[in-house]
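Tertiary structure, described
Chain residues, written in single-letter form:
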Amino acid sequence: MTARAFILIETQVGKTRDVAAALRSIAEVPSADIITGEFDIIAVVEAADMISLADVVTGQVQSTSGVIRTITCVAA
């Protein structure tokens, strides 16, 4: 069963478009959309299992240049 999560991302001022483009280049991120409100981007991450999902979020999404903080909402 595929694991899926929605990631709410706050970015540095002026970096939102760059972060969204970088996230879209990650194979496990089928979408990364710029949004309004408290967060700047919502991204979907899909992986084979929860361990792989966590690796993508902590190893790739959170380490993307311009990302300040994230909130991960795992789909049930």
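Throughout what follows, the structure given in this document is the object of discussion. No experiment lies behind these values; they were computed from the predicted model shown.

**Overview of the nonpolar core**
With 19 residues, the main nonpolar core has Ile7, Ile9, Leu23 and Val45 as its most contacted residues. Elements supplying a minimum of two residues to this core: β1 (3-11), α1 (16-24), β3 (41-47) and α2 (50-61). Among residues more than four places away in sequence, those in contact with Val45 are Ala3, Arg4, Ala5, Ile7, Glu28, Val29, Pro30, Leu53, Val56, Val57 and Val61.

**Examining the pairing of β3**
The buried fraction of β3 is high, at 5 of 7 residues. Pairing between β1 and β3: 7 bridges, direction antiparallel. Across the sheet, residue Ile9 finds its bridge partner in β3, namely Ile41. Note that strand β2 (residues 31-34) and β3 share 4 bridges and pair antiparallel. Looking at the pairing, Ile34 lines up with Ile41 of β3. The hairpin formed by β2 and β3 contains 6 residues between the paired strands, and Gly37 there has a positive phi angle of roughly 110°.

What counts, and where the lines are drawn
- Residues numbered from 1 in each chain as written.
- Predicted model: local features only at pLDDT ≥ 70, side-chain atom pairs only at ≥ 80, totals over all residues.
- Heavy atoms only, no water.
- Core = buried A, V, L, I, M, F, W, Y, C linked by side-chain atoms within 4.5 Å.
- Buried < 20%, exposed > 50% of the residue type's maximum accessible area, 1.4 Å probe, protein only.
- Helix = DSSP H or I, 4+ residues; strand = E, 2+ residues; numbered from the N terminus.
- Contact = heavy atoms within 4.5 Å.
- Pairing = 2+ DSSP bridges.

Limitation: the analysis is restricted to geometry and does not speak to function.
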